[in-house]
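# A look at the structure
In case you want the letters, here they are:
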Amino acid sequence: MIRSFLSAIIVLLCFSLFESAVLSNVLVLPAVPDFALIAVLYLSIRNGKGFGEASGFVSGIFLDFLSSAPIGLNCLVRVIIGYCTGLFSQTINASGFFIPVIMGLIMTAAKFFLAWFISLFYPSIVLPYDPSTIAFYFELAANALLAPIIFKFLDLFSYMLIPESSL
């Protein structure tokens, strides 16, 4: 279990660095696809809600420190998403194409909704997403379409990311 979590931390750090250092500097992208969110989805659906919460927290901390977001915003949003996705770990088979697409779509929309909801309480600190922009729809579509690819990629490392008791 510890080996799986340490491997997950390395994967989340790599995805977070790739998002913030490489993809954020690509000028033709209207929004950055959220690879770390998709990795949290994968880890929570494969390992359960506890692992999903922990991986959501770790990815949120990485993104909070690498971005200009208020400290704790990404943590809160990703912990909720990791927990909610982990609730379905025993009931959903995410090895196909359509389930990861649907998960990526729903949880990206949940990320936008949670950020909007938090912005109601802290309007001067948290900027909500605007659903009328192309960036909103681009990230929604990019996360949905990249989810099966990232799931298949992470399946290559399942021996490191999933504890032996879960296999």
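Calculation criteria
Just so you know, the residues in each chain are numbered from 1, in the order the chain's sequence is written. Thresholds applied to this predicted model are a pLDDT of at least 70 for local features of residues and 80 or more for the giving and counting of side-chain atom pairs; totals over whole chains, interfaces and linings are not thresholded and use all residues. By convention in this description, side-chain values take in all heavy atoms of the structure and omit both hydrogens and water. Strands here mean DSSP runs of E at least two residues long; helices mean DSSP runs of H or I at least four residues long; both are numbered from the N terminus. Between two residues, a contact is recorded if the distance between any of their heavy atoms is within 4.5 Å. Among buried residues, the Ala, Val, Leu, Ile, Met, Phe, Trp, Tyr and Cys ones that are joined through side-chain atoms within 4.5 Å form a nonpolar core. Burial here depends on accessible area, computed with a 1.4 Å probe over protein chains only, as a share of the maximum for the residue type. Under 20% is buried, over 50% is exposed, and the range in between is partly exposed. Distance thresholds for patches are 9 Å for like charges and 5 Å for nonpolar side chains (Val, Leu, Ile, Met, Phe, Trp, Tyr), applied to residues having over 30% relative accessible area and no salt bridge. Computed with the Shrake-Rupley method and a 1.4 Å probe, the accessible areas treat only the protein chains shown as cover for residues. Put simply, a salt bridge is a Lys or Arg side-chain nitrogen that is within 4 Å of an Asp or Glu carboxyl oxygen. Orientation is described by lines fitted to C-alpha atoms, with helices fitted over the stretch in contact, and by angles between N-to-C directions that extend from 0 to 180 degrees. By the definition used in this description, the sense in which the near helix is turned from the far one sets the handedness, with an anticlockwise turn below a right angle giving left-handed and a clockwise turn giving right-handed. In this classification, the charged set is Asp, Glu, Lys and Arg, the nonpolar set is Ala, Val, Leu, Ile, Met, Phe, Trp, Tyr, Cys and Pro, and all remaining amino acids, among them Gly, are polar. Residue count minus one, scaled by 1.5 Å, sets the expected span of a helix.

## Digging into the environment of M1
- The residue M1 is located in the segment before α1 (2-22) in this model.
- If we skip the residues at most four places from it in the chain, M1 touches F51 and P163.

## Quick look at the nonpolar core
- Counting 34 residues, the largest nonpolar core has F15, F151 and L154 as its most contacted members.
- At the level of elements, α1, α2 (35-47), α3 (49-66), α4 (73-86), α5 (98-121) and α6 (134-155) are the ones that each hand at least two residues to this core.
- Here this core takes 10 residues from α2, the largest share from any one element.
- If we skip the residues at most four places from it in the chain, L154 touches V11, F15, A39, Y42 and L161.

## Examining a nonpolar patch on the surface
- Together, F113, W116, F117, L120, F121, Y122 and I125 give the surface a local cluster of nonpolar side chains, amounting to about 770 Å² of exposed area.
- For Y122, the position within the fold is in the loop between α5 and α6.

## What about the pattern of salt bridges?
- Applying the stated criterion across every chain yields a total of 4 salt bridges.
- When the shortest N-O distance is used, the salt bridge between D155 and R46 registers 3.1 Å. Remark: R46 occurs in helix α2 and D155 occurs in helix α6; sequence separation between them is 109 residues.
- E139 is the salt-bridge partner of K111, the closest N and O atoms lying 2.5 Å from each other.

## Comments concerning the packing of α1 against α3
- Interaxial distance between α1 and α3 falls to 9 Å at its minimum, and their mutual angle equals 35°. Both α1 and α3 take part in a crossing whose hand is right-handed. Contacts between α1 and α3 involve S4, F5, A8, I9, L12, L13, S16, L17, E19 and S20 from the former and F51, A54, S55, V58, S59, F62, L63 and L66 from the latter.
- Tallied by class, residues from the contact of α1 with α3 come to 12 nonpolar, 5 polar and 1 charged.

## Structural notes on α2
- End to end, α2 covers 18 Å across 13 residues, agreeing with the expected 18 Å (1.5 Å per residue, within 8%).
- Taking burial as the measure, the 13 residues of α2 include 12 buried ones, the bulk of the element.
- When α2 is considered as a whole, its buried residues turn out to be F35, A36, L37, I38, A39, V40, L41, Y42, L43, S44, I45 and N47.
- In this fold, the buried residues of α2 make contact with α1, α3, α4, α5, α6 and α7 (158-161).
- Just beyond α2, the residue with positive phi is G48, at close to 105°.

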